[in-house]
Amino acid sequence: MNKKILAVIIVLLLAVIAFLVSSLFREKQANKDMQELAALDKQEMEKEYQNFAAQYSEMKTFINNDSIIEQLTAEQERTQKLLEALKRTHASDVAEITRLKKELATVRAVLRSYILQIDSLNRLNQDLMNENDRVRTELEQSNQQNQTLTSEKASLSEKVAIAAQLDATNITLTPLNKKGKSEKYMKHGKSLGVSFTITKNVTAANGVRMVYVRVMTPEGEVLDGGGTFEYAGKQLAWSMKKDIEYTGEETPLTLYWTVSEYLGGGQYNVSIFCDGQAIGSRNFTFQK
């Protein structure tokens, strides 16, 4: 074989080997970043499950109704079982983590309903206590009752804050062409549309909120939107963001990201954040 041809072949082989090594390194780094974020998300879920289980235990101390106490105990045991299942689940088990995240939203909704029910009972008890206060003459006893009521109100306010966390549902990720029509393949998209609905929550405070959306590619890279936000003590890059006026009612939203790079097929992840909390996440797979 001609020496020049052999030299060219060797150079080409070395170039291919260098490319493969570089690609493998980038893939390992992307996988590492995804695993770190998944572990962080799992850790936050564990904290929420633990907090919810503790809230059920504390609520039972404010109730004298045996039927409600029995219901709270059942929900507390169910929450504890989900927490144990989450602890046994590896952060890379996407299917199980997604299931437990949906269960977490259900636990939060059930807890919210009990908080509202207990708040109603406490209001009734407060009226009765006020009625009794009018016929009592000893100032010391009256002051003691008021202090107890104040303590219960403060504890209930803390529970309402937990129940006020928002939830995002019906999440979709759609490639769009120049005319704004949906495309089947990601590579044909000139922009991406992320749509979702923030569910109704009567316990959440009304007002302006900033909603952040992160879109992660199959390579583990976040589509850059030009800034970061804080989540669980870390700064995370966002792909899209939008100010909304939340009124406690169901709120549909759609945000757009202009495609500035080649996007191929594979699994994409959309995560939504608001008020420093992860309020929704979903994976999407597009054909190559």
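No experiment lies behind these values; they were computed from the predicted model shown.

With that settled, the discussion passes to the sheet that holds strand β3 (residues 207–216). The 4 strands lie next to each other as β6-β3-β8-β9, forming an open sheet whose pairing is antiparallel. A single partner strand is all that each edge strand has here, and the edge strands are β6 (240–246) and β9 (277–286). Here the strands of the sheet are splayed against their neighbours by 20 degrees on average, with no regard to which way each runs. Where β3 and β6 come together, 7 bridges link them in antiparallel fashion. Counted as the bridge partner of Val208 is Glu245 from β6.

The biggest cluster of nonpolar side chains holds 29 residues, and the ones touching the most others in it are Leu173, Phe196, Val213, Val215, Val270 and Ile272. Sorting the residues of this core by element identifies β1 (168–176), β2 (191–198), β3, β6, β7 (251–258), β8 (266–274) and β9 as the ones contributing at least two each. Judged by nonpolar contacts, the second largest core, of 22 residues, contains Leu83, Ala85, Leu86 and Ile118.

This paragraph deals with the packing of aromatic side chains. In total, this model carries 4 aromatic pairs according to the counting rule given. Centre to centre, the rings of Tyr212 and Phe229 are 4.6 Å apart; their planes meet at 15 degrees, and the pair counts as stacked. Taken together, the residues span a long stretch of sequence, with Tyr212 in strand β3 and Phe229 in strand β4 (residues 227–231) at a distance of 17 residues. No difference in accessibility class separates Tyr212 from Phe229, as the two residues are buried. Of the aromatic side chains, those joined through ring pairs into one cluster are Tyr212, Phe229, Tyr231 and Phe273. The ring centre of Tyr185 lies 5.8 Å from the NZ or CZ of Lys187, which sits over that ring.

So, about the environment of Glu249. Relative to the elements of secondary structure, Glu249 occurs in the loop between β6 and β7. For Glu249, a relative accessible area of 43% gives the class partly exposed. With 50 residues separating them in the primary sequence, Glu249 and Thr199 have C-alpha atoms 7.0 Å apart. If sequence neighbours within four positions are ignored, Glu249 has contacts with Ile198, Thr199 and Lys200.

Let's shift gears to a negative patch on the surface. On the surface, Glu219, Glu221, Asp224 and Glu261 cluster together to form a negatively charged patch. Summarising the element assignment, Glu261 is placed in the loop between β7 and β8.

Attention shifts here to the environment of Asn201. Checked against the element boundaries, Asn201 lands in the loop between β2 and β3. Each C-alpha atom of the pair Asn201 and Leu166 lies 7.0 Å from the other, and the pair is 35 residues apart in sequence. With residues near it in sequence (within four places) discarded, Asn201 still touches Arg112, Ala163, Ala164, Gln165, Leu166, Tyr246 and Gly248. Of note is the side chain of Asn201, whose polar atom sits 3.4 Å from the backbone oxygen of Ala164. A distance of 3.2 Å separates a polar atom in the side chain of Asn201 from the backbone oxygen of Gln165.

Read across the open sheet, the 3 strands follow the order β1-β2-β7; overall the sheet is antiparallel. Whereas interior strands pair on both sides, the edge strands pair on one side only; in this sheet they are β1 and β7. Across the sheet, the mean angle separating the axes of adjacent strands is 15 degrees when strand polarity is ignored. Inspection of the sheet shows β2 paired to β7 by 8 bridges, in the antiparallel sense. Its bridge partner being in β7, Phe196 is matched across the sheet by Leu253.

With that settled, consider unusual backbone geometry. A positive phi angle, near 55 degrees, is found at Ala232, a position not held by glycine. By the secondary structure assignment, Ala232 is in the loop between β4 and β5 (234–238). Residue class for Ala232 comes out partly exposed when judged on its relative accessible area of 35%. Backbone geometry at Asp275 places phi at a positive 55 degrees, although glycine is not the residue there. You can see Asp275 is positioned in the loop between β8 and β9.

What counts, and where the lines are drawn
- Residues numbered from 1 in each chain as written.
- Predicted model: local features only at pLDDT ≥ 70, side-chain atom pairs only at ≥ 80, totals over all residues.
- Heavy atoms only, no water.
- Pairing = 2+ DSSP bridges.
- Helix = DSSP H or I, 4+ residues; strand = E, 2+ residues; numbered from the N terminus.
- Axes fitted to C-alpha atoms, helices over the stretch in contact; angles between N-to-C directions.
- Core = buried A, V, L, I, M, F, W, Y, C linked by side-chain atoms within 4.5 Å.
- Buried < 20%, exposed > 50% of the residue type's maximum accessible area, 1.4 Å probe, protein only.
- Phe/Tyr/Trp six-rings, centres within 6.5 Å; stacked < 30°, edge-to-face > 60°.
- Lys NZ or Arg CZ within 6 Å of the ring centre and 35° of its normal.
- Contact = heavy atoms within 4.5 Å.
- Patch = residues over 30% accessible without salt bridge, like charges linked within 9 Å, V, L, I, M, F, W, Y side chains within 5 Å.
- Areas by Shrake-Rupley, 256 points an atom, 1.4 Å probe, with all protein chains shown as cover.
- Salt bridge = Lys/Arg side-chain N within 4 Å of Asp/Glu carboxyl O.
- Lys, Arg positive; Asp, Glu negative; His and termini not counted.
- Charge placed at Lys NZ, Arg CZ, Asp CG, Glu CD.
- Polar contact = N/O pair within 3.5 Å; in protein donor to acceptor, adjacent residues only side chain to side chain.

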